[in-house]
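Chains, contacts and geometry: an overview
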Amino acid sequence: MPDLVAPDLAAHPGTPWLIAAGCLAVIAALAHIAIIIGGPAWYRFFGAGEDMAAAAARGERYPALITLGIAAMLFLWAAYAFSGAGWLPRLPLLRPGLVIITAIFLFRGLVFVPVNLWRPHYSHAFAIISSLIVLFFAAAYGIGTARGWDWLAA
């Protein structure tokens, strides 16, 4: 059986950070799936907003579709982290992909609180806590990408 892991990626300095980033993304994706299963009370508890919770309570499909889309994106981003760590085969555009993922997490973490203060849509506690969590994700992706930069090339 051929080796699916690129040997040049298997042990670079960013590997532990990218493994942690991938695990965090998988946990977040599974949490989003649990929210769909948990229903309106879970949408409320996790801060999705009353509109999403009420729509889920009415049996509308869009809350589940949006939440499932987020989960799918997080699983894809986990695959990029695991690919960068050498746990999965090399994915296309690996280095730019990891940079973009880091930037999206960083943007979400830094912009959400000010936007929510300007136009409150969520509780301030949810905005702050979720932003800190997302900044932690950005740090794991960013440090892993930066430390493995040379190994992630071409």
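Let us look at the structure shown here. Bear in mind that the values here come from a model prediction, so they are computed numbers and not experimental data.

Observations concerning unusual backbone geometry
- Notably, L93 is not glycine yet its phi reads approximately 55°, a positive angle.
- Tracing the backbone shows L93 in the loop between helix 4 (62-84) and helix 5 (94-118).

Some remarks on the environment of A34
- On the secondary structure map, A34 appears in helix 1 (residues 15-38).
- Judged by relative accessible area, which is 23%, A34 ranks as partly exposed.

Focus: the pattern of salt bridges
- Evaluation of the coordinates by the stated rule reveals 2 salt bridges.
- E50 is the partner of R44 in a salt bridge, and the nearest nitrogen-oxygen pair spans 2.9 Å.
- On the basis of relative accessible area, R44 is assigned to the partly exposed category, the value being 41%.
- Residue classification places E50 among the partly exposed residues on the basis of a relative accessible area of 45%.
- The partner of R58 in a salt bridge is E60, and the shortest N-O contact between them spans 2.7 Å.
- Accessibility expressed as a relative area gives 54% for R58, which makes it exposed.
- Exposure remark for E60: the relative accessible area of 33% places this residue in the partly exposed category.

As for the nonpolar core
- Core analysis: the biggest nonpolar cluster contains 25 residues, and L74, W77, L98, I101, F105 and Y141 have the highest contact counts within it.
- Secondary structure elements with two or more residues in this core: helix 1, helix 4, helix 5 and helix 6 (124-147).
- In this structure, L98 is in contact with L18, Y80, A81, G84, Y141, T145 and L152, ignoring residues within four places of it in sequence.

Side note on the packing of helix 1 against helix 4
- One way to put it is that helix 1 packs onto helix 4 with a least axis distance of 8 Å and a crossing angle of 165°. What the angle tells us is that helix 1 and helix 4 run roughly antiparallel. Considering how the two elements wind past one another, helix 1 and helix 4 form a crossing that is left-handed.
- Across the contact of helix 1 with helix 4, the residue classes tally to 20 nonpolar, 4 polar and no charged.

Criteria and thresholds
Sequence order as written defines the numbering, with residues in each chain counted from 1. Only residues with pLDDT of at least 70 are given local features in this predicted model, and only at 80 or more are side-chain atom pairs given and counted; all residues enter the totals for whole chains, interfaces and linings. Note that water and hydrogens are dropped before the side-chain values are worked out from all heavy atoms of the structure. Labels follow the DSSP assignment, with helices taken as runs of H or I lasting at least four residues and strands as runs of E lasting at least two, numbered in each case from the N terminus. Residue burial is assigned from relative accessible area. The probe radius is 1.4 Å, only protein chains are included, and a residue is buried under 20% of its type maximum, exposed over 50%, and partly exposed in between. Each reported salt bridge corresponds to a side-chain nitrogen of Lys or Arg within 4 Å of a carboxyl oxygen of Asp or Glu. Think of a nonpolar core as a cluster: buried Ala, Val, Leu, Ile, Met, Phe, Trp, Tyr and Cys residues, connected wherever their side-chain atoms sit within 4.5 Å. Pairs of residues are marked as contacts when any of their non-hydrogen atoms sit within 4.5 Å. Structural elements are reduced to axes, namely lines fitted to C-alpha atoms, with helices fitted over the stretch in contact, and the angle between N-to-C directions of any two is expressed from 0 to 180 degrees. Here the word oblique covers every angle except those under 35 degrees (roughly parallel), over 145 (roughly antiparallel) and from 65 to 115 (roughly perpendicular). Less than a right angle of anticlockwise turn of the near helix away from the far helix marks a crossing as left-handed, whereas a clockwise turn marks it as right-handed. Under the scheme applied here, ten amino acids are nonpolar (Ala, Val, Leu, Ile, Met, Phe, Trp, Tyr, Cys and Pro), four are charged (Asp, Glu, Lys and Arg), and all others, including Gly, are polar.

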